[in-house]
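Letter by letter, the chains look like this.
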Amino acid sequence: MEYKEKKDGNGIRVNASLVIPEHELIITTSRSGGAGGQHVNKTDTQVQIKWHIATSNALNNDQKERLLVKLSNKLTDDGFLMFKSNATRSQLQNKKLAFNHLAQTVKQALIVPKKRTKTTISKGVKEKRLHTKKMRSEIKRLRKDVD
């Protein structure tokens, strides 16, 4: 999953059927701490992305519900999903990292686990197990002393 800057501004592709439009995202920049010397004190390289899941038009109701439940611990009090990136000195690279993190998180949360189906033991396997138990029982019975 990699975000690529697009000229038409489509948004962030999460999977084959879901694209988060960029107009639904709130992107803010600020000064980032860490290494970088004087450069870090003059430029806004830290990128923060907010996305309000409940009001998104990109998701259907089932997807919204699944995301709100799965990502409840990552949502702010007002319902925004928020990611920050200040790993590099470049604002563009931090933006790409934050978009990738958002896309990966949403993709993981949208995965619907497969329903578990019970396995049935076949008749032959049951008979073989019971036969083995009987044989073992017979061996142990023959070891006993006869009075």
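All of these numbers come straight from a predicted model, not from anything done at the bench.

Attention now moves to the overall build of the chain. Counting its regular elements, the chain contains 4 helices and 5 strands. Along the chain, helices and strands appear, N-terminal first, in the series β-β-β-α-β-α-β-α-α. By the compact-globule yardstick of 15 Å for 147 residues, the chain is too spread out, its C-alpha radius of gyration being 28 Å. Along the first, second and third principal axes, the C-alpha set of the chain runs to 100 × 40 × 30 Å. Counting every position in the chain, which comprises 147 residues, the buried fraction comes to 29%. Across the chain, the fraction of contacts at a sequence separation of at least 24, relative to all contacts at a separation of at least 6, is 57%. A total accessible area of about 11000 Å² is found for the chain, and carbon and sulfur atoms account for 50% of it. If the 31 positive side-chain charges of the chain are averaged to one point and the 14 negative ones to another, these points end up 6 Å apart.

With that settled, consider the pattern of salt bridges. By the definition in use, this model includes 2 salt bridges. The partner of Asp44 in a salt bridge is Arg31, with the nearest N and O atoms 3.8 Å apart. One end of the pair, Asp44, is in the loop between helix H1 (38-42) and strand S4 (46-52); the other, Arg31, is in the loop between strand S3 (25-30) and H1, and 13 residues separate them in sequence. Given the relative accessible area of 34%, Asp44 is considered partly exposed. On the basis of relative accessibility, which here comes to 53%, the residue Arg31 falls in the exposed class. Close ionic contact of Glu138 with Arg141 constitutes a salt bridge, the shortest N to O distance being 2.6 Å. One end of the pair is Glu138 and the other is Arg141, both in helix H4 (residues 123-143) and 3 residues apart, which spans about a single turn.

Remark: helix H2 (residues 61-70) packs on helix H3 (residues 91-110), axes separated minimally by 9 Å, with the N-to-C direction vectors making an angle of 105°. What the angle tells us is that H2 and H3 run roughly perpendicular. Along the contact surface, H2 presents Gln63, Arg66, Leu67 and Lys70, while H3 presents Val106, Ala109 and Leu110. Across the contact of H2 with H3, the residue classes tally to 4 nonpolar, 1 polar and 2 charged.

Turning our attention to the confidence of the model for the chain. The predicted model of the chain averages 85 in pLDDT, with 91% of residues at 70 or higher. The least confident element of the chain, judged by mean pLDDT, is H1 at 75; the most confident is H4 at 95. Here residues 4-8 scores under 50 on pLDDT; set against residues more than four positions off or in separate chains, the count is 3 contacts.

Mapped onto the elements of the fold, Ile121 is located in the loop between H3 and H4. A C-alpha to C-alpha distance of 54 Å links Ile121 and Asn94, two positions 27 residues apart in sequence.

What follows deals with the environment of Leu25. Looking at where Leu25 falls in the secondary structure, it is placed in strand S3. Sequence-wise, Leu25 and Phe80 are 55 residues apart; in three dimensions their C-alpha atoms are separated by 9.9 Å.

Moving on to the sheet that holds S4. Adjacent strands of a sheet form backbone hydrogen bonds with each other and so pair up, either parallel or antiparallel. Ordered in space as S3-S4-S5, the 3 strands form an open sheet in which the pairing is antiparallel. Each edge of the sheet is formed by a strand with only one pairing partner; in this case those strands are S3 and strand S5 (80-85). Here the average twist between neighbouring strands, direction ignored, is 15°. Here S4 pairs with S5 via 6 bridges, running antiparallel.

Definitions and cut-offs
Residues numbered from 1 in each chain as written. Predicted model: local features only at pLDDT ≥ 70, side-chain atom pairs only at ≥ 80, totals over all residues. Heavy atoms only, no water. Helix = DSSP H or I, 4+ residues; strand = E, 2+ residues; numbered from the N terminus. Rg over C-alpha atoms; globule rule 2.2 N^0.38 Å. Buried < 20%, exposed > 50% of the residue type's maximum accessible area, 1.4 Å probe, protein only. Contact = heavy atoms within 4.5 Å. Areas by Shrake-Rupley, 256 points an atom, 1.4 Å probe, with all protein chains shown as cover. Lys, Arg positive; Asp, Glu negative; His and termini not counted. Charge placed at Lys NZ, Arg CZ, Asp CG, Glu CD. Salt bridge = Lys/Arg side-chain N within 4 Å of Asp/Glu carboxyl O. Axes fitted to C-alpha atoms, helices over the stretch in contact; angles between N-to-C directions. Parallel < 35°, antiparallel > 145°, perpendicular 65-115°, else oblique. Nonpolar A, V, L, I, M, F, W, Y, C, P; charged D, E, K, R; others polar. pLDDT = per-residue confidence, 0-100. Pairing = 2+ DSSP bridges.

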